[in-house]
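# Working through the structure, step by step
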Amino acid sequence: MPLLVATALTKDYPMNGEVVHALRGVSLTVAPGDYVAIVGPSGCGKSTLLQLLGGIDTPSAGSVALEGTRLETLGDSALTRLRLTRLGFVFQRFHLLPVLSAAENVELPMAEAGLPRDARRARARELLRYVGLEGRAGHRATQLSGGEMQRVAIARALANRPALLLADEPTGELDAATGRGILDLFRRLNDDGATIVVVTHDDRLAGEAGRVIHMLDGHIVDETRGAGR
Amino acid sequence: MNPLRNLARHPVRTALALAGIAVTTAMLLDMVLLAGGIERSFAQLLLGRGYQVRVSPRGTLPFDTEATIPGARGIAATMRRDPAVEAVAPIVGSSIHARRGDSLVTLFGYGIDPAAQALYQVTAGADLAPGDSAGLLLSAPAARVLAAAIGDTVVLVSRLDPQMAVAGSSRTVVVRGVVRWLYDARDQASVGTLVPVMQELAAFRAEDRVSAFAVRVTGDADSAAARLRAALPSLEINSVGAMVLRFRERLTYFRQLSLILGTISLGVTVLLVGTLLTITVNERRGEIATLRAIGVARGTIVRAVMLEGGALTTLGGGLGVLLGLATAEQLDRILTSFPGLPAAISFFVPDARSLALAAAVLVITGIVAGAYPAWLAARAPIAETLRTEAT
């Protein structure tokens, strides 16, 4: 059974008095364990597609089903809960809470999910170790480098053991060497069983994926194989 | 999402907001204390010696005018016949003089019955003994004016005859004690003798006149006052409770002014906290959209923003209470120095209820002020905000 099924997604939104057709009937299926990279020029609709897949925006037409649940049938609370427990998000600009430490940022989704404090702390420690930041747990987000912040953001995305990890340009704000570390981390995550959909301009990152989906003008125009599974 | 940590992100802005809230809180607190303080202080003053009923000439309040009550002994005896009456304190009040060298010093003279007195507390020396017609009590300002100490001799001179402009009879007395007269204005030079002595000096003796009576009763003071009124219809007889009510009516405009100023200060607090939180929420739109994206519920976001408002007002309010109490003390000092006001009266009387009321109103105000920014934060469209933040 596929983990994620997107069917005939279209997304139109107004901009400066005109209607922008961001997506024009996109269909996509993601199986458990897939590592999918979505590539294409700026404005082709890849970030919009990721937002629809993650239930943080609603399609103008079409549907998205995660583990058999159609997202458009869910109310705001149920959709929020689904994002909290079944999806993990990584953003280009990390978006950590600057007033919290690395560990507290990782604990945040678990606290929201109602996990007891001891369990949260243990899981945060485990995740920070996984991303190579066990020594930085107590540092505020503002005291971390870009690469470290993105690692914390990845640990945060994994906190509630999501079924699917969605990443939007995760290396976009990082230099090449630091970005390489993030690529390796994604590779390792997928090897350990995580299902990943990543939107990227970074050819190296796309090359790591098992499936590379090419978009242009709101359409999927091609799908190729990457080096990954 | 600790609200204090969020507030610490912009320390200067937060400090300025706290200062603003502290000032408005101080104003609110002072208005609350002022609205009820003088009334409470007035009641405390009147009940200071436990006498709950006042008797004065018809149509007046005690010492409101120079009117007096003739036949004091008979009236006192009538009142004592009421089973609820425990003590009747006759009070004479008149301006008199004392000799100091070649000149005369004007004083206020009280005639009291030391066995039943509602007017003073001895602070040094001894009280007058019953029948001590040669004894004198002095206020500290009178002691200063007369340069007299306990054991000294003072010559009291009766009121000047306005027709003849010459002094009347005089009486030599000995200072027994220094007292605090409860109803004296600040720096008022007052002396006290037994009632008959002061009656003689004030030319009240012939008709046995007194200025007022204070009456101590058991049980309900209003009922006792009503019975005494029925028995002595030519006199004005009120319980302290009734007098406080009349006083309250006189203070209606004063209370309304306090209410208006208090409301304005609350309005300023709402605007201040609301503006600050709206700015903060707008600055953190991306962060809030991210939180919503990763599954943080709207309720959590709303609670966090409103908690920030609550934390701001709690901290600012705490500072404001200290500031308000300090300014109330200063203002009280200024207001109670007005001539003719009893020094013991206070315009600002802190009490737990007023403080709790001001604190509760303030915290609720802070939370309410956070409601709009919280609503803004929770309603922001996630995808659109993230798109905007990315460009």
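Further up the page is the structure itself.
Turning to the sheet that holds strand β6 (residues 87–90) of chain A, a few remarks are in order. Residues and elements named next belong to chain A. The strand order across the open sheet formed by 6 strands is β6-β7-β8-β3-β9-β10, and the pairing between neighbours is mixed. Since the sheet does not close on itself, it has two edges, and those belong to β6 and β10 (219–225), each with one partner. On average, adjacent strands in this sheet sit at an angle of 20 degrees to one another, irrespective of strand direction. Bridging between strand β7 (residues 164–168) and strand β8 (residues 196–199) involves 4 bridges; their strand directions are parallel. When the bridges of β8 are listed, Leu-165 appears paired with Ile-196. Against the sheet, helix α2 (residues 76–86) touches β6 and β7, its axis set at about 80 degrees to β6.

Here the focus is helix α8 (residues 252–283) of chain B. Residues and elements named next belong to chain B. For α8, built from 32 residues, the straight-helix expectation of 46 Å at 1.5 Å per residue is met to within 8% by its first-to-last C-alpha distance of 46 Å. Within the sequence span of α8, burial applies to Ser-258, Gly-262, Ser-265, Thr-269, Val-273, Gly-274, Leu-276, Leu-277, Thr-278, Thr-280 and Val-281. The inward-facing, buried residues of α8 abut α2 (11–46), α9 (285–293), α10 (298–335), α11 (352–369) and α12 (371–379).

What follows covers the nonpolar core. The biggest cluster of nonpolar side chains holds 60 residues, and the ones touching the most others in it are Met-79, Leu-107, Leu-138, Val-154, Leu-156, Phe-213 and Val-215 of chain B. Ranked by residue count, the leading element in this core is strand β2 (residues 85–100) of chain B, at 8 residues. Residues within four places of Val-215 of chain B in sequence aside, it is in contact with Tyr-51, Gln-52, Val-53, Val-55, Met-79, Val-85, Ala-87, Val-88 and Leu-228 of chain B. Counting 58 residues, the second largest nonpolar core, distinct from the first, contains Val-64 and Leu-100 of chain A together with Leu-18 and Ile-288 of chain B.

Here the focus is the pairing of strand β9 (residues 211–216) of chain A. Residue and element names in this part refer to chain A. Here strand β3 (residues 35–39) runs beside β9; their pairing, made up of 4 bridges, is parallel. Residue pairing in the sheet places Ile-38 in a bridge with Ile-213 of β9. Sheet topology places β9 next to β10; 6 bridges connect them, and they run antiparallel. Residue pairing across strands places Val-212 opposite Thr-224, the latter belonging to β10. Taking the residues between adjacent antiparallel strands as the criterion, β9 and β10 are bridged by 2 residues, where Asp-217 takes a positive phi near 50 degrees.

This next bit is on the packing of aromatic side chains. Enumeration over the complete set of coordinates arrives at 5 aromatic pairs over all chains. An angle of 5 degrees between the planes, with centres 6.0 Å apart, marks the rings of Phe-89 of chain A and Phe-91 of chain A as stacked. Neither residue differs from the other here; Phe-89 of chain A and Phe-91 of chain A are each classed as buried. Taking 6.4 Å as the distance between ring centres and 20 degrees as the angle between the ring planes, the aromatic pair formed by Tyr-372 of chain B and Trp-375 of chain B counts as stacked. Here Trp-375 of chain B and Tyr-372 of chain B lie together in helix α12, a separation of 3 residues that amounts to about one turn. Among the aromatic residues, ring-to-ring pairing joins Phe-108, Tyr-110, Tyr-120 and Trp-181 of chain B into one connected group. Above the ring of Tyr-51 of chain B, the side-chain terminus of Arg-216 of chain B is found at 5.1 Å from the ring centroid.

Moving on, we come to helix α6 (residues 221–231) of chain B. Residue and element names in this part refer to chain B. For α6, the full list of buried residues reads Ala-221, Ala-224, Ala-225 and Leu-228. Across the axial projection of α6, the buried residues extend over an arc of 100 degrees, all falling on one side. Check the buried side of α6 and you find it contacts β1 (53–57), α3 (72–80), β2, β9 (212–217) and β10 (235–239).

Residue and element names in this part refer to chain A. If you trace the 4 strands from one edge of the open sheet to the other, you get β2-β1-β4-β5, paired in antiparallel fashion. Looking at the sheet topology across the chains shown, the edges are occupied by β2 (18–30) and β5 (69–70). When strand β4 (residues 61–66) meets β5, the two strands line up antiparallel, connected through 2 bridges. Bridge pairing in β5 places Leu-66 opposite Thr-69. Sheet strands in contact with helix α1 (residues 46–53) are β1 (4–15), β2 and β4, and its direction is about 120 degrees off that of β1.

In this section: the pairing of β10 of chain B. Residue and element names in this part refer to chain B. Judged by how many residues are buried, β10 sits mostly within the fold: 5 of 5 residues are covered. Side chains Leu-235, Ile-237 and Ser-239 of β10 all project onto a buried face; the interleaved residues Glu-236 and Asn-238 project onto the opposite face, where all are buried too. The pairing of β1 with β10 spans 5 bridges and is antiparallel. Across the sheet, the residue bridging to Pro-57 is Leu-235, located in β10.

Moving on: the interface of chain A and chain B. Where interface size is given, it is often the accessible area lost as the parts come together that is meant. Chain A puts 24 residues into the contact, and the matching count from chain B is 22 residues. For the chain A and chain B pair, buried surface summed over both sides reaches about 2,100 Å², with 57% attributable to carbon and sulfur atoms. Taken as a group, His-95, Val-99 and Glu-112 of chain A account for 24% of the area that chain A buries against chain B, more than any other trio of residues on that side. Linking chain A to chain B there are 2 salt bridges.

As a further point, take empty space enclosed by the protein. All names here are of chain A. Tallied over the full model, the rule gives 3 cavities of 30 Å³ or more. Taken as a whole, the second largest cavity holds about 60 Å³ of empty space. Secondary structure elements with two or more residues in the lining of the second largest cavity: β6 and α5 (146–158). Considering each element in turn, the lining of the second largest cavity owes the most residues, 3 residues, to β6. A breakdown of the residues in the lining of the second largest cavity according to their chemical character gives 6 nonpolar, 2 polar and 1 charged.

A separate point is the environment of Thr-365 of chain B. Residue and element names in this part refer to chain B. Checked against the element boundaries, Thr-365 lands in helix α11. Taking the relative accessible area as the measure of exposure, Thr-365 reaches 9% and is therefore buried. Separated by 56 residues in sequence, Thr-365 and Gly-309 have C-alpha atoms that sit 8.6 Å apart. Discounting residues that sit within four places of it in the chain, Thr-365 has contacts with Leu-266, Thr-269 and Val-270.

The next point concerns the pattern of salt bridges. Proximity of charged atoms lets side chains of opposite charge pair with each other. All names here are of chain A. Inspection of every chain in the model, using the stated rule, returns 27 salt bridges over all chains. Glu-67 serves as the salt-bridge partner of Arg-86, at 2.7 Å between the closest nitrogen and oxygen. Remark: Glu-67 occurs in the loop between β4 and β5 and Arg-86 occurs in helix α2; sequence separation between them is 19 residues. Residue class for Glu-67 comes out partly exposed when judged on its relative accessible area of 34%. Residues joined by salt bridges that share partners form a network here, namely Asp-34, Arg-211 and Glu-223.

A few words on the side chain of Gln-51 of chain A. In this fold, Gln-51 of chain A is placed in helix α1. Since its relative accessible area comes to 7%, Gln-51 of chain A is described here as buried. Not counting residues up to four positions away in its chain, the partners in contact with Gln-51 of chain A are Ile-56 and Asp-57 of chain A together with Ala-383, Leu-386 and Arg-387 of chain B.

What counts and what doesn't
Residues numbered from 1 in each chain as written. Chains lettered and ligands numbered in written order. Predicted model: local features only at pLDDT ≥ 70, side-chain atom pairs only at ≥ 80, totals over all residues. Heavy atoms only, no water. Pairing = 2+ DSSP bridges. Helix = DSSP H or I, 4+ residues; strand = E, 2+ residues; numbered from the N terminus. Axes fitted to C-alpha atoms, helices over the stretch in contact; angles between N-to-C directions. Contact = heavy atoms within 4.5 Å. Expected span 1.5 Å × (residues − 1). Buried < 20%, exposed > 50% of the residue type's maximum accessible area, 1.4 Å probe, protein only. Core = buried A, V, L, I, M, F, W, Y, C linked by side-chain atoms within 4.5 Å. Phe/Tyr/Trp six-rings, centres within 6.5 Å; stacked < 30°, edge-to-face > 60°. Lys NZ or Arg CZ within 6 Å of the ring centre and 35° of its normal. Arc of directions from axis to C-beta. Buried area = accessible area lost by both parts, 1.4 Å probe. Salt bridge = Lys/Arg side-chain N within 4 Å of Asp/Glu carboxyl O. 1 Å grid on protein atoms, 1.4 Å probe; cavity = no way out; pocket = protein on both sides within 12 Å on 5 of 7 lines; lining within 4 Å. Points joined across faces, edges and corners; volume = space filled by probe spheres on them. Nonpolar A, V, L, I, M, F, W, Y, C, P; charged D, E, K, R; others polar.

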